[in-house]
Each structure stands twice: as structure tokens, then as C-alpha cells.
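Here is what each chain is made of, one letter per residue.
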Amino acid sequence: MDYVCELKNISKRFHTINNETLAIEDLSFKVERGEIVSIVGPSGSGKSTVLSLLAGLEKPSEGEVIVNTKSIGFMFQKDQLYEWRNIYKNCILGLEIQKKDTKENIDKVIDKLKNYGLYNFRNYYPRQLSGGMRQRAALVRTLAVEPELLLLDEPFSALDYQTRLSVGNDVGEILRKEKITTVLVTHDIPEAVSISDRVIVFTERPARIKKEYIIEFNMPDEKRTPMKCRNTSEFGEYFREIWRDLDVIEK
Ligand code: ADP
Ligand code: MG
């Protein structure tokens, strides 16, 4: 099996002046190439820390992080677009920084702007766009450098409900079509189920794996979209099980 990344018996402690937080304890999982994995769990359970470990922004206290690629894309809740650059200029920023702004790569960005409905807005500035369009632009910028591993930290949670559904649907479809290996952190169970091949449920802090679900729908992968998944009976079953895992009903 071809794995893009692996956490092996990871523990992570954070030290502050007068205390210590054990954020993660003996956590292990692997992500296969092309797989879309979501992590759901209570807030403060260590989900973002896992992404920081994968991105190499934090070092584990114990255990080993294995990442079999140098090209990692990271997208956060806030889109981090630069207000003084127009959409096109924002989207080619990563290519410029990595000195990969060749005609071929720029043409691919232009194709993405067209596919994601942003081409007519390429000369606009971020403040002139809606939240959903900004988030799509942020995705174009992240994908422009063709990352082999995409890390998404609650990328849609700043959007209103309708926009969130539609952008989540678009992005989920793109990730699947382009077979981009993805680790998505979200607290939105329907989002996780509709987008992913696998959902990992974390316990309360310190993060350990409470449960893991292989998500399968009765439809061919190339026809699968998040919206279609939401209309199946399997969807409701996965939702209820994960809901119960997160202990939401009992509270
Ligand atoms: P989640 O993303 O699941 O909400 P986080 O991974 O952000 O949770 O945080 C897990 C725990 O680790 C929290 O208790 C948080 O306060 C703590 N933590 C995260 N980053 C730091 C840090 N840089 N310094 C100290 N504590 C941290
Ligand atoms: Mg977080």
C-alpha cells in the first residue's frame, strides 16, 4: 500500500509557564495515497495539533511522524488571501514563491479559475468577493502548487450555512475528481461523511482514536459528489453513529 503519511504512537504535550497539557496520547494512523480522511472530535481534542504535526509545524513529544512528500498544502478556516493582491495574483502567489510560475503552471491556474467560477472575477480584490468565492480562491491558490498532501483545518466553518453546503460540495467534488490525498478536520459530521473515504472520531483530550468508519456509498466513485451522498440512506446511518460516538445526544 502506498501511504502519503503516517503517525506512529504519537504523544504531544504542550508546556506553559505553570502547567502541561497532554493534547495527544499514543495516536497512530496512516493515510493512503488518494484517500480523503476526515477527523472529527470535540473542540480542544487535538485535531489541529495533528495537522500541525503532519505539516511539520510542531514536533511530537513521543512517536514518529512519517510524511512521504515534500509538497503539502494547508488551508485554514480563514482564507488568508492578501487584500492588496487581486484574485489572480493571490492564486499565483505560491507558484511565485516557489519560483514555479511557468506558463504551463499559470495556464493550469487559469483553468482552475474557470472551473471554479472565478475567472470573471480574477481582477477583483478579495474584499469584493463573497465568503464562498474567497474560499474557492484560497483553494485554487493552495492547489496551484499541486500538493501531494492537502491539510484542511475547518476550511468552511467561517461561511454561512448555505454557502458552506455549496462550497463543501464543490471542494469535495474537486478533491475526489483530482484524487488529492486530504486530511480534513471538521466538527461538521455531515460534511465529514459526505466528503470522505474514511472518518476518524477522536476522543476528548488527550486525542486518541475512538472509532473509525470506512465511508462507502452505493455509487461509482467517479459519480460520487457530496450532495448525492447526502441523499442516501447510508448517509443517515453514518451520521447517527458518529453523532452517538461524539456523545451529543446524551448531553
Ligand atoms: P482542536 O483543534 O481539536 O480544537 P487543538 O489541537 O487546537 O484542538 O488543541 C488541543 C489542546 O492543546 C487544547 O487544549 C489546546 O489548548 C492545547 N494547545 C494547542 N496548541 C497549543 C500551544 N501552542 N501551546 C499550548 N497549548 C496548546
Ligand atoms: Mg482546531
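Before going into details, it helps to say that this report is about the structure given with it. These numbers come from a predicted model, not from an experiment.

**Here we look at the site of ligand 1**
Part 1 of the argument: As a structural note, the neighbourhood of ligand 1 is formed by Phe14, Thr21, Ala23, Pro42, Ser43, Gly44, Ser45, Gly46, Lys47, Ser48, Thr49 and Arg205.
Part 2 of the argument: Between ligand 1 and Gly44 there is a distance of 2.7 Å, counted from an oxygen atom to a backbone nitrogen or oxygen.
Part 3 of the argument: At a separation of 3.0 Å, an oxygen atom of ligand 1 approaches a polar backbone atom of Gly46.
Part 4 of the argument: Across the complex, the protein chains shield 65% of the 560 Å² of accessible surface that ligand 1 would expose by itself.

**Some thoughts on the nonpolar core**
Part 1 of the argument: Counting 32 residues, the largest nonpolar core has Val109 and Leu139 as its most contacted members.
Part 2 of the argument: Of all the secondary structure elements, the ones that give two or more residues to this core are α2 (87-91), α4 (103-115), α5 (131-144), β6 (149-153) and α6 (161-177).
Part 3 of the argument: At 7 residues, the largest contribution of residues to this core is made by α5.
Part 4 of the argument: Counting residues in hydrophobic clusters, the runner-up holds 23 residues, among them Ile10, Val50, Leu51 and Ile200.

**Here we look at the packing of aromatic side chains**
Part 1 of the argument: If you walk through the whole model with that rule in mind, you get 4 aromatic pairs.
Part 2 of the argument: Ring geometry for Tyr82 and Trp84: centres 4.9 Å apart, planes at 40 degrees, overall tilted.
Part 3 of the argument: Look at Phe239 and Trp243: their rings are 5.3 Å apart centre to centre, the planes differ by 35 degrees, and that puts the pair in the tilted class. Of the two residues, Phe239 and Trp243 are both situated in helix α9 (residues 233-245); the distance of 4 residues between them amounts to about one turn of the helix.
Part 4 of the argument: Since its relative accessible area comes to 30%, Trp243 is described here as partly exposed.
Part 5 of the argument: Here the basic side chain of Lys114 rests over the ring of Tyr119, its NZ or CZ set 4.9 Å away from the ring centre.
Part 6 of the argument: Above the face of the Tyr119 ring, Arg122 is positioned so that its terminal group lies 4.0 Å from the ring centre.

**A word on the pattern of salt bridges**
Part 1 of the argument: Enumeration according to the criterion identifies 18 salt bridges in this entry.
Part 2 of the argument: Across the pair Glu25 and Arg208 runs a salt bridge whose closest N-O atoms are separated by 3.6 Å. Within this pair, whereas Glu25 is found in strand β2 (residues 20-32), its partner Arg208 is found in the loop between β8 (198-202) and β9 (209-214), the two being separated by 183 residues in sequence.
Part 3 of the argument: Judged by its relative accessible area of 32%, Glu25 falls in the partly exposed class.
Part 4 of the argument: Where Glu191 meets Arg164, a salt bridge forms, and the shortest distance between an N and an O atom there is 3.2 Å. A residue pair is termed long-range when its members are at least 10 positions apart, and Glu191 in helix α7 (residues 189-195) and Arg164 in helix α6 qualify at 27 residues. Accessibility classification places Glu191 together with Arg164 in one group, the buried group.

Quick notes on the rules
Residues numbered from 1 in each chain as written. Chains lettered and ligands numbered in written order. Predicted model: local features only at pLDDT ≥ 70, side-chain atom pairs only at ≥ 80, totals over all residues. Heavy atoms only, no water. Near = heavy atom within 4 Å. Polar contact = N/O pair within 3.5 Å; in protein donor to acceptor, adjacent residues only side chain to side chain. Areas by Shrake-Rupley, 256 points an atom, 1.4 Å probe, with all protein chains shown as cover. Core = buried A, V, L, I, M, F, W, Y, C linked by side-chain atoms within 4.5 Å. Buried < 20%, exposed > 50% of the residue type's maximum accessible area, 1.4 Å probe, protein only. Helix = DSSP H or I, 4+ residues; strand = E, 2+ residues; numbered from the N terminus. Phe/Tyr/Trp six-rings, centres within 6.5 Å; stacked < 30°, edge-to-face > 60°. Lys NZ or Arg CZ within 6 Å of the ring centre and 35° of its normal. Salt bridge = Lys/Arg side-chain N within 4 Å of Asp/Glu carboxyl O.

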